[in-house]
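Descriptive structure summary
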Amino acid sequence: MDDIYPVSAAAAAGTRCDAATYAAMHGQALADPDTFWRGQVDRLQWVRKPRVMGNWRWDPVNIRWFEDGVLNVSVNCLDRWAAADPERLAIIWEADDPAVPNRRLSYGELLGETCRMANALADMGVRRGDRVTITMPMIPEAAVAMLACARLGAVHSVVFGGFSPEAIAGRIADADSRFVVTADAGMRGGKVVPLKAHVDAALAIEPRVAAVLVVRHSGAEVAMVPGRDRWWHEVRGGVAKVSPPEPMGAEDPLFILYTSGSTGKPKGVLHTQAGYLLWANLTFETVFDYRAGELFWCTADVGWVTGHSYIVYGPLSAGATVLMFEGVPTWPEVDRFWAVVAKHKVNIFYTAPTALRSLMREGEAPVERHDLSSLRLLGTVGEPINPEAWRWYHRVVGKGRLPIVDTWWQTETGGAMMTPLPGAHPAKPGAAGFPFFGVAPALVDADGRFIEGNDVSGNLVLTASWPGQARTVYGDHQRFVETYFTAYHGLYFTGDGARRDADGQWWITGRVDDVINVSGHRLGTAEVESALVGHAAVAEAAVVGFPHDIKGQGIYAYVTLKAGVEGSDALVADLRAEVRRSIGPIASPDHIHLTPALPKTRSGKIMRRILRKIAENEHGSLGDVSTLADPAVVEALVAGRLNR
Ligand code: 6R9
């Protein structure tokens, strides 16, 4: 029996969405989406209100929502709150170093900064439709840069600050981006992240960038290229703090965000203006049951979709106050998260299972040291949460009384898709609850047949579009079609496996494709393999995930060396360095297993199923090995695994 945590009286009191409301809204959104969405569009401020709601098909793939609407996203996130209540806080910023003073930006100030940066970008040559690459630390200027692009109608592509110069260069090239916004350096856990130096190295590889705007943050020495680079603090005083918002069509692009899939290079997932914003806004208010005046803290980095939707676009479009934190959970002490919650009296706290597992390891004392009584709601995102971590979160952080929303979604979905709603649904540790309004999940078997009934598992698909759905892969619509709509014709394939339990609750069981989820970060096995094969000594590489106590999944790389190359610890270290250079530290393999050969079928296909089992230490259940060309290869691999 699963344990069930019923909706508490406190969570039900004053909720926007109780069980009856959920049933009505969810039912209507599926049965009569036109009426449902017509009732939601006034959440946004339009230049021209849309008359058409959803207009989409998945064969051929053409997704449009609110297509005749016109609006500006930055106006929705800033101007309307600044006009009504300019002093209302938009962002409270907590530095990596707790001794550094906080920054507090009201909606009036955030609007002024955004307009100034929009003017600075325009002076650099940025025009409507241009792609602007943003690689920033977690400072308010990261949000300012995104919103400044939105104000101009430029398309941002935020690249996580932990990526290598080569990875940044690849994304700049793919997006054909001629502008970059960055900072001198970021600070994380007391360490300097040299962002400007990374950008310089990236631009040495990819010189098409015409102009770089650099925010001074850490004070680190950086090289400035005359004619290309300019300091934000120098141009800021010379530009107006008003900037006319560009009226944008609902289906004009808003941003590109690169994410890993099973094949090839990361793809630029494209989101458009209105549907994305409405989805971020509606899910933010409903899932977190946000109440006016509350402080919301999402611990994600703005380099990931969670930061886009639940630090910037969702909360700001709802007039909420967000906490933005530059640092890491465990520095200077392992109680940092809880110290920050207590210091700022955070009401809603949204983090990743991997962070919880690493904090759990430190015991309860670091949590108990702080007054967490301001907290009203907890959330998780990024990967399945193991029930043990859920219960710890609930008991130790939530004092056994706070609801937890375990939100399943993806870069491609724009915002939360399945979750228990705090005022409507009982929660089960490890379950992602129920579909949000308008979300139509289903399970299919390998042949694409629907699996009906409850207490069943399969591959998770969605059968209907929702406004937050990604519209395409930037510059490669065919890849979008092939990745998401080809495995099961006419359905959106999520890449995840799932179970619908006896009560109809959904459990995500993890990726069923060649994507590894390392600490909530998606990595394609193919990406890591191609980085390894990029090393001169490597003949062939096969990468799989394996269960990891803290990270959720770790990276296990099997590598065969070129003839005549001797394996050594130094070479293994060198291979790791090659992956860091090519992708970034997050992709560094936990294990590199040198092997004279990989298990293959007689037709030459690498048998990944077997490699996964060996990495998982499940040698006893390798399954059918009859198609192997050379069974001795597997015996040697098993022996090699047992030795590490
Ligand atoms: C928002 C985000 C998406 C993949 C997704 C799934 C996993 C995310 C989850 C979850 C179980 C949850 N995932 N949230 N699995 N429960 N609450 O993380 O986007 O980086 O694109 O990753 O993450 O496997 O398919 P993204």
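Residues numbered from 1 in each chain as written. Predicted model: local features only at pLDDT ≥ 70, side-chain atom pairs only at ≥ 80, totals over all residues. Heavy atoms only, no water.

As annotated in an unreviewed UniProt entry, the chain carries the name Acetyl-coenzyme A synthetase and comes from Sandaracinobacteroides saxicola. As stated in UniProt under Catalytic activity (unreviewed entry), the record for the chain gives "acetate + ATP + CoA = acetyl-CoA + AMP + diphosphate". In its Sequence similarities (unreviewed entry) section, UniProt records this for the chain: "Belongs to the ATP-dependent AMP-binding enzyme family." (UniProt positions renumbered as here; feature names shortened; annotations may be inferred.)

With that settled, the discussion passes to the layout of surface pockets. Here the second largest pocket defines a volume of roughly 520 Å³. Taken together, 27 residues line the second largest pocket, and the ones lying closest to its centre are E166, G170, R171, K265 and P266. Those elements giving two or more residues to the lining of the second largest pocket turn out to be helix 7 (165–175), strand 15 (267–272), helix 17 (525–533) and helix 18 (569–582). Sort the elements by how many residues they give to the lining of the second largest pocket and helix 7 lands first, with six residues. Residues that form the lining of the second largest pocket fall into these classes: 10 nonpolar, seven polar and 10 charged. Lining the lining of the second largest pocket are residues from two domains, each supplying at least three of them: domain 1 (9–499) and domain 2 (519–640). (1 Å grid on protein atoms, 1.4 Å probe; cavity = no way out; pocket = protein on both sides within 12 Å on 5 of 7 lines; lining within 4 Å. Points joined across faces, edges and corners; volume = space filled by probe spheres on them. Helix = DSSP H or I, 4+ residues; strand = E, 2+ residues; numbered from the N terminus. Nonpolar A, V, L, I, M, F, W, Y, C, P; charged D, E, K, R; others polar. Domains from an automatic or database assignment.)

Interhelical geometry of helix 7 versus helix 8 (residues 195–205) gives an angle of 55 degrees and a closest axis separation of 8 Å. By the criterion of interaxial angle, the relationship of helix 7 to helix 8 is oblique. Viewed along their axes, helix 7 and helix 8 form a crossing whose handedness is right-handed. Residues P165, E166, I168, A169 and I172 of helix 7 pack against H198, A201, A202, L203 and I205 of helix 8. Taken together, the residues of the contact of helix 7 with helix 8 sort by class into eight nonpolar, one polar and one charged. (Axes fitted to C-alpha atoms, helices over the stretch in contact; angles between N-to-C directions. Parallel < 35°, antiparallel > 145°, perpendicular 65-115°, else oblique. Left-handed = near helix turned anticlockwise from the far one by under 90°. Contact = heavy atoms within 4.5 Å.)

On to the sheet that holds strand 20 (residues 404–406). Reading across from one edge, 5-4-17-16-18-19-20 is the order of the seven strands in this open sheet, with mixed pairing throughout. Only two strands of the sheet have a single neighbouring strand rather than two, namely strand 5 (103–106) and strand 20. Pairwise comparison of adjacent strand axes, ignoring direction, gives a mean angle of 20 degrees for this sheet. Inspection of the sheet shows strand 16 (residues 295–298) paired to strand 17 (residues 321–325) by three bridges, in the parallel sense. When the sheet's bridge partners are listed, W297 is paired in strand 17 with L323. Along the sheet, helix 15 (residues 387–397) makes contact with strand 18 (348–351), strand 19 (377–380) and strand 20, crossing strand 19 at roughly 160 degrees. (Pairing = 2+ DSSP bridges.)

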